[in-house]
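Working through the structure, step by step
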Amino acid sequence: MSYVLENQPYDDHEDLLKKDLLAYVDYGKPYGKRILSWPRYVIDGDDVSPISASAFPDAGCLPMNIADGSPEKSKIEDMFGNLVIMRVNEGELRGNYFYGRDQEPHKYNSIINFSKKPGQSVVEFRSFASHNASCRLVQVVYLEGGKMDFSRKPSDPVFPYDDQAAPVAKFVMVAQVSHGKRLLYGPFEMQEAAGRSDAYEIDALQSFDRFVYAVDEASFKFNIDVERDDGMPFAQFVDVDELRELIKDPVESYDWMSASELLDACGRLAKSALPNITKSDVKALKAAIESADYVDSMISMSPKRRKRLLDMLDSRESWDEMSDERKAAAIGEIPVDKLAEYVLSDDHFARFYEKVSENDEVRRRAEAREAEATARVTAAEAKAKEADAERIRAESARDEQKRQIMSEIQEELDEKRDELRQLDDDRSELENRINELREGEYAAKSAIRKVVNDFQEEQAVSEHILKSVAVQELVESLGAPSGARADGGRSGEAKPEAVSPAIVPDQGGMKPGDVLRRIEGAVVDRAGREFSGNEVQHPHMPHARLHHHVRGLSGHRQDVSRRDFGGRPRPRAALRAALQRGLGRAGLDELQGLRGLLQPLLPESRAS
């Protein structure tokens, strides 16, 4: 039964589970573990259905990795080729890590393990030639070298174009334009020529009676193309059963049966004839040929083939009567093995040997031919040795290049692994450093917060103590000259020239620095802890404002504007100016409450 090409394509890969898929495979570069497959058709019994690209989005491709334990990629390609029968045994496919707009258009990725038994790997391959489709699908190929003459079998190999699938089907048709149409000639069987991978021996098939037919390609209903990844046709197939029907009315037909096969057929027809055939026997044989449709039900007897046999019988004549052209043609048509068999037979060898040995010219030519043959054999052996040496050199160079490439790849991989490990170490070190910095930052913030709090508390306490001690010391140290009363004295006695009141006893014999050290000592005694002189005297510390005040009162920093007309200092004005300089406006407001206590001690209080 013929294959039926369905119109409805498969568009979901889950519907393709465990079905035979006709696919194109790209093996890529020799190294690496990844191959790409493009399933094109489903072969399910007598139905052949196309596969939509949406079954394997986005481009209709299923990439796969070669599992460990599988053969090398080059051996896999030699085993299966680019045209395979593919099966997907698991419906849930893995995602492709490289899938994306700017990366690969292949959504899925799978794995193939050639070391597993059939049905156990996620994806598996089978060679097209081992599938029964190779006997039902007739492969169409295109040949190099222009038009081919199909009227007789070619003596030289033919060369298919290398951008198409190699001939792998049992039946092959050759496409060629003739009479304004694309005709398919065949069917043929094609085998690789000895020692050549690009050349093929072509012959008509015994199963088609050695006839070659020309059929219009447009006559086929079943005609499919298996496309490559770039959309170009890679393999073309028609149906063999449909071909058998179409060759009943071909455009052209040619008989490729050799003369030896026809003679064998003639001999089988005349096997009952006498050894010394007569003219009447020839007539009887002709009658048998004319009435025969088949010879032993093996060879078809078409009108053209009958004519060939009859012409061969009619051309029976003596050797001497033959022209040189006929003799050459006759000798050329005799198979070498048949001729050797005839000459070496017991019935004929002695006679042939005597004829040859008696003729000097034959003997001389035989010797010359033997010498020539020996020379050719020697030259051929030398060429074979040279070719073998060249092959060994080429294989060695190839192996060395392969080893070099693998070494470079391995070195690059090792370098990348070292870089990755170094990056991991640097990342870990940076993470640890970041954690340490975060901990240090937290500790620093806590310490700073504590120091600031302690400093604020200590500053407030120190300022409070310093103010109270300094003011008390100042009040106790401020005194009127000898004989004055604590309330300012209202006696009418004449007073001596006013001078700055003493801050501490024996001030008259002390320098300003001694007075300051006296105050510093009092501050330390009252505070119960050490204070440096800088802390007491520094202008930026709140309690240091007293330093300016004391220096003003002691006359150390008096200004001319603070004296009266007699050149005497005005203590009240000096005190106010000193307090304003040392404590500022806010500090001066704080000491306003002390005015009533300080005022009686000032010599000018009465006048005020």
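Residues numbered from 1 in each chain as written. Predicted model: local features only at pLDDT ≥ 70, side-chain atom pairs only at ≥ 80, totals over all residues. Heavy atoms only, no water.

What follows covers the overall build of the chain. On a plain count of helices and strands, the chain comes out with 15 helices and 19 strands. Taking all 608 residues of the chain together, the buried fraction comes to 33%. Residue pairs at least 24 apart in sequence account for 66% of intrachain contacts in the chain once pairs closer than 6 positions are excluded. Accessible area for the chain stands at about 38,000 Å²; split by element, carbon and sulfur atoms hold 51% of it. (Helix = DSSP H or I, 4+ residues; strand = E, 2+ residues; numbered from the N terminus. Buried < 20%, exposed > 50% of the residue type's maximum accessible area, 1.4 Å probe, protein only. Contact = heavy atoms within 4.5 Å. Areas by Shrake-Rupley, 256 points an atom, 1.4 Å probe, with all protein chains shown as cover.)

When you tally the buried positions in strand 9 (residues 123-127), you get four out of five residues, the bulk of the element. Sheet analysis places strand 6 (residues 83-88) next to strand 9, joined by five bridges and oriented antiparallel. Paired with valine 88 across the two strands is valine 123, which belongs to strand 9. (Pairing = 2+ DSSP bridges.)

Let us look at the pairing of strand 15 (residues 223-227). Regular strands show a simple pattern: their side chains alternate between the two faces of the sheet. Of the two faces of strand 15, only the one carrying Ile224 and Val226 is buried; Asn223, Asp225 and Glu227 on the other face are not. Pairing of strand 15 with strand 16 (residues 233-239) involves five bridges; the strand directions are antiparallel. Across the sheet, residue valine 226 finds its bridge partner in strand 16, namely alanine 235. Where strand 15 folds back onto strand 16 in an antiparallel hairpin, the turn is made up of five residues, including glycine 231, whose phi is positive at roughly 85°.

Right, let's talk about the side chain of aspartate 216 for a bit. Inspection of the secondary structure assignment puts aspartate 216 in strand 14 (residues 211-216). No salt bridge is formed by the buried aspartate 216, whose closest oppositely charged neighbour, lysine 181, lies at an N-O distance of 4.0 Å. A distance of 3.2 Å separates the side chain of aspartate 216 from the backbone nitrogen of alanine 218, its partner in a polar contact. Apart from residues lying up to four places away in sequence, aspartate 216 is in contact with Lys181, Arg182, Leu183 and Val251. (Lys, Arg positive; Asp, Glu negative; His and termini not counted. Salt bridge = Lys/Arg side-chain N within 4 Å of Asp/Glu carboxyl O. Polar contact = N/O pair within 3.5 Å; in protein donor to acceptor, adjacent residues only side chain to side chain.)

Let us look at unusual backbone geometry. The omega angle of the peptide bond from proline 57 to aspartate 58 is 0°, so this bond is cis rather than trans. Inspection of the secondary structure assignment puts aspartate 58 in the loop between strand 4 (47-50) and strand 5 (62-66). Between glycine 186 and the following residue, proline 187, the backbone shows a cis peptide bond with an omega angle of 0°. Checked against the element boundaries, proline 187 lands in strand 12 (residues 181-192). Not every positive phi belongs to a glycine, and aspartate 209 is a case in point at roughly 60°.

Turning to its location among the elements, histidine 179 is positioned in the loop between strand 11 (172-178) and strand 12. By relative accessible area, histidine 179 is classed as exposed at 60%. When the C-alpha atoms of histidine 179 and valine 251 are compared, they prove to be 9.8 Å apart, with 72 residues separating the residues in sequence.

Another aspect to go through is the side chain of serine 49. With respect to the helices and strands, the residue serine 49 is situated in strand 4. With near-sequence residues (within four places) excluded, serine 49 lies in contact with Glu6, Gln8, Tyr10, Arg40, Tyr41 and Val42.

Take the pattern of salt bridges next. Where charged atoms from two side chains of opposite charge come close, those side chains can pair. Going through the model one piece at a time under the given rule, you end up with 26 salt bridges. Of the charged contacts in the structure, one is a salt bridge between glutamate 386 and arginine 393, with a shortest N-O distance of 3.3 Å. With a shortest N-O distance of 3.1 Å, glutamate 395 and arginine 391 are connected by a salt bridge. With glutamate 395 and arginine 391 both in helix 10 (residues 360-477), this residue pair falls four residues apart, about one helical turn. Judged by relative accessible area, arginine 391 falls into the partly exposed class, the value being 39%.

The biggest cluster of nonpolar side chains holds 25 residues, and the ones touching the most others in it are Leu62, Met86 and Phe125. Elements with a contribution of two residues or more to this core: strand 2 (20-26), strand 3 (34-44), strand 5, helix 1 (73-80), strand 6, strand 8 (108-112) and strand 9. Residues in contact with phenylalanine 125, not counting those within four places in the same chain, are Val25, Tyr27, Ile35, Met64, Phe80, Val84, Ile85, Met86, Ile112 and Phe114. Residues Tyr3, Leu83, Ala133 and Ile224 belong to the second largest nonpolar core, which totals 22 residues. (Core = buried A, V, L, I, M, F, W, Y, C linked by side-chain atoms within 4.5 Å.)

On to the confidence of the model for the chain. Averaged over the chain, the pLDDT score is 77; the fraction of residues at 70 or greater is 61%. Below a pLDDT of 50 lies the segment residues 479-503, which in the model reaches 38 contacts outside its immediate sequence neighbourhood of four places, other chains included. The low-confidence segment residues 540-547, where pLDDT is below 50, has 23 contacts with residues more than four positions distant or belonging to other chains. (pLDDT = per-residue confidence, 0-100.)

Further remarks concern the environment of phenylalanine 208. Turning to its location among the elements, phenylalanine 208 is positioned in the loop between strand 13 (200-204) and strand 14. Residue classification places phenylalanine 208 among the buried residues on the basis of a relative accessible area of 4%. Taking the C-alpha atoms as reference points, phenylalanine 208 and glycine 186, 22 residues apart in sequence, are found 9.3 Å from one another. The contacts of phenylalanine 208, once residues within four sequence positions are left out, are Phe171, Pro187, Tyr213, Val240, Arg244 and Ile247.

On to the packing of aromatic side chains. Enumeration according to the criterion identifies twelve aromatic pairs in this entry. Summarising the aromatic geometry, the rings of tyrosine 24 and phenylalanine 234 are spaced 4.9 Å apart at their centres and angled 65° between planes, so their arrangement reads as edge-to-face. Of this pair, tyrosine 24 sits in strand 2 while phenylalanine 234 sits in strand 16; the two residues are 210 residues apart in sequence, bridging distant segments of the chain. With relative accessibility at 9%, the residue tyrosine 24 sits in the buried group. Given the relative accessible area of 9%, phenylalanine 234 is considered buried. Taking 6.0 Å as the distance between ring centres and 20° as the angle between the ring planes, the aromatic pair formed by phenylalanine 150 and phenylalanine 188 counts as stacked. (Phe/Tyr/Trp six-rings, centres within 6.5 Å; stacked < 30°, edge-to-face > 60°.)

Glancing now at helix 1. Residues of helix 1 that are buried include every one of Lys73, Ile76 and Phe80, and no others. One side of helix 1 holds all its buried residues, which, seen down the axis, span an arc of 55°. The secondary structure elements touched by the buried residues of helix 1 are strand 3, strand 5, strand 6 and strand 9. At the exit of helix 1 stands glycine 81, carrying a positive phi of roughly 75°. (Arc of directions from axis to C-beta.)

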